[in-house]
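Notes for the structure review
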Amino acid sequence: NAGVTQTPKFQVLKTGQSMTLQCAQDMNHNSMYWYRQDPGMGLRLIYYSASEGTTDKGEVPNGYNVSRLNKREFSLRLESAAPSQTSVYFCASSDGGHSYEQYFGPGTRLTVT
Amino acid sequence: GNSVTQMEGPVTLSEEAFLTINCTYTATGYPSLFWYVQYPGEGLQLLLKATKADDKGSNKGFEATYRKETTSFHLEKGSVQVSDSAVYFCARHTGGFKTIFGAGTRLFVKA
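These lines cover the structure that appears in this document, whether it is placed above or below. Given the structure is predicted, the values throughout are model-derived calculations rather than measurements.

Here is what the cut-offs are and how they apply
- Residues numbered from 1 in each chain as written.
- Chains lettered and ligands numbered in written order.
- Predicted model: local features only at pLDDT ≥ 70, side-chain atom pairs only at ≥ 80, totals over all residues.
- Heavy atoms only, no water.
- Helix = DSSP H or I, 4+ residues; strand = E, 2+ residues; numbered from the N terminus.
- Rg over C-alpha atoms; globule rule 2.2 N^0.38 Å.
- Contact = heavy atoms within 4.5 Å.
- Areas by Shrake-Rupley, 256 points an atom, 1.4 Å probe, with all protein chains shown as cover.
- Lys, Arg positive; Asp, Glu negative; His and termini not counted.
- Charge placed at Lys NZ, Arg CZ, Asp CG, Glu CD.
- Buried area = accessible area lost by both parts, 1.4 Å probe.
- Salt bridge = Lys/Arg side-chain N within 4 Å of Asp/Glu carboxyl O.
- Polar contact = N/O pair within 3.5 Å; in protein donor to acceptor, adjacent residues only side chain to side chain.
- Phe/Tyr/Trp six-rings, centres within 6.5 Å; stacked < 30°, edge-to-face > 60°.
- Buried < 20%, exposed > 50% of the residue type's maximum accessible area, 1.4 Å probe, protein only.
- Disulfide = S-S within 2.5 Å.
- Pairing = 2+ DSSP bridges.
- Axes fitted to C-alpha atoms, helices over the stretch in contact; angles between N-to-C directions.

Each helix and strand counted, chain A has zero helices and eleven strands in total. For 113 residues, the compact-globule formula gives about 13 Å, and the C-alpha radius of gyration of chain A, at 13 Å, lands near that figure. Taken along the three principal axes of its C-alpha coordinates, chain A extends 40 × 30 × 25 Å. Taking the intrachain contacts of chain A between residues at least 6 apart in sequence as the baseline, contacts between residues at least 24 apart amount to 55%. Summed over its atoms, the accessible surface of chain A is roughly 5,300 Å², and 48% of this surface lies on carbon and sulfur atoms. Taking the average location of the 10 positive side-chain charges in chain A and that of its 9 negative ones, the two points are 9 Å from each other.

Written as structure tokens, this is what we have:
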């Protein structure tokens, strides 16, 4: 089991460029999440998908879009990157049932110049 | 409201010292509580959890007890090792599908 995988690991963008962060899980989990981690801020939820076919906004959704492509994959898109989106992005999954613990990917470090 | 507050770091300890990282939460009802650990360059991983009042979660020598009277879930370890150096996050389930994380506490353990 690979668990939760994310690509790419690192990315540098110029302001205004677009990109998609990919996430996949092989644990047959129903729910998937995208967080950003900034110094002193902990993790903030960007979007989540409670189950295949649904997506919902989290705490900080502005400037992002998501797609739940199938049960395994959940992508995050930045349409027009801004320096304020420089962060480390984590994807996570959980089975969404009675067990609420989340399993995290290794993260993508994004720098927007 | 929904929030998780944990002590600010960094916390610096010598090997074999006793560790406490404080965590308090606001909630209605009795949410599941978690401690996650993040080692350098990695994602978060679950360290321990407690699902109801007075439960004690434990793993790898770490413990935390769910105290509803004080709405706290403090993390403790009797004797830390250099390999415990990491960032520790307290978290609570909000109901539904979401979890709220504290800001994280960085721990440095010196040999």
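Now, onward.
The residue after A:T7, namely A:P8, is reached through a cis peptide bond having omega -5°. Locating A:P8 in the fold gives a position in the loop between β1 (4-7) and β2 (10-13). The linkage connecting B:G9 with the following residue, B:P10, adopts the cis geometry, with an omega of 0°. Structurally, the position occupied by B:P10 is in the loop between β1 (3-6) and β2 (11-14).

With 20 residues of chain A at the interface, the matching set in chain B holds 19 residues. Broken down residue by residue, the surface that chain A buries against chain B is led by A:Y100, A:E101 and A:F104, which jointly contribute 33%. Linking chain A to chain B there are one salt bridge. A:E101 is the salt-bridge partner of B:K49, the closest N and O atoms lying 2.8 Å from each other. The tally of links between chain A and chain B comes to four residue pairs in polar contact (both at pLDDT 80 or more). Residue assignment for the side of chain A that touches chain B shows that the elements contributing at least two residues are β4 (31-38) and β5 (42-49) of chain A.

Looking now at the packing of aromatic side chains. To describe a pair of aromatic rings, you give the distance between the ring centres and the angle between the ring planes. Tallied over the full model, the rule gives twelve aromatic pairs over all chains. Where A:F104 meets B:Y36, the ring centres are 5.8 Å apart and the plane angle is 80°; that geometry is what we call edge-to-face. Separated into two different chains, A:F104 in strand β10 (residues 103-104) and B:Y36 in strand β5 (residues 33-38) make up a pair that spans both. Neither A:F104 nor B:Y36 differs from the other in exposure class; each is buried.

Under the defined criterion, the tally for this structure stands at two disulfides over all chains. One disulfide in the model links A:C23 with A:C91; its S-S distance is 1.9 Å. When the S-S torsion is -70°, as for the bridge of A:C23 with A:C91, the disulfide is left-handed. Taken as a pair, A:C23 in strand β3 (residues 19-25) and A:C91 in strand β9 (residues 87-94) lie far apart in primary sequence, 68 residues in all. A:C91 matches A:C23 in its accessibility class, with the two residues each being buried. Each disulfide pairs two cysteine sulfurs, and for B:C23 the partner residue is B:C90, the sulfurs being separated by 1.9 Å. Around the S-S axis, the bridge from B:C23 to B:C90 shows a dihedral of about -70° and counts as left-handed. Of this pair, B:C23 sits in strand β4 (residues 23-26) while B:C90 is found in strand β10 (residues 86-95), placing the two residues 67 residues apart along the sequence. Judged by relative accessible area, B:C23 falls into the buried class, the value being 1%.

Residues and elements named next belong to chain A. With antiparallel pairing, four strands are arranged side by side in an open sheet as β1-β3-β8-β7. Only two strands of the sheet have a single neighbouring strand rather than two, namely β1 and β7 (64-68). The average undirected angle you get between the axes of adjacent strands in this sheet is 20°. Alignment of β7 against strand β8 (residues 74-78), held across five bridges, turns out to be antiparallel. Across the sheet, the residue bridging to R68 is F74, located in β8.

Keep in mind these numbers describe shape, not what the thing actually does.
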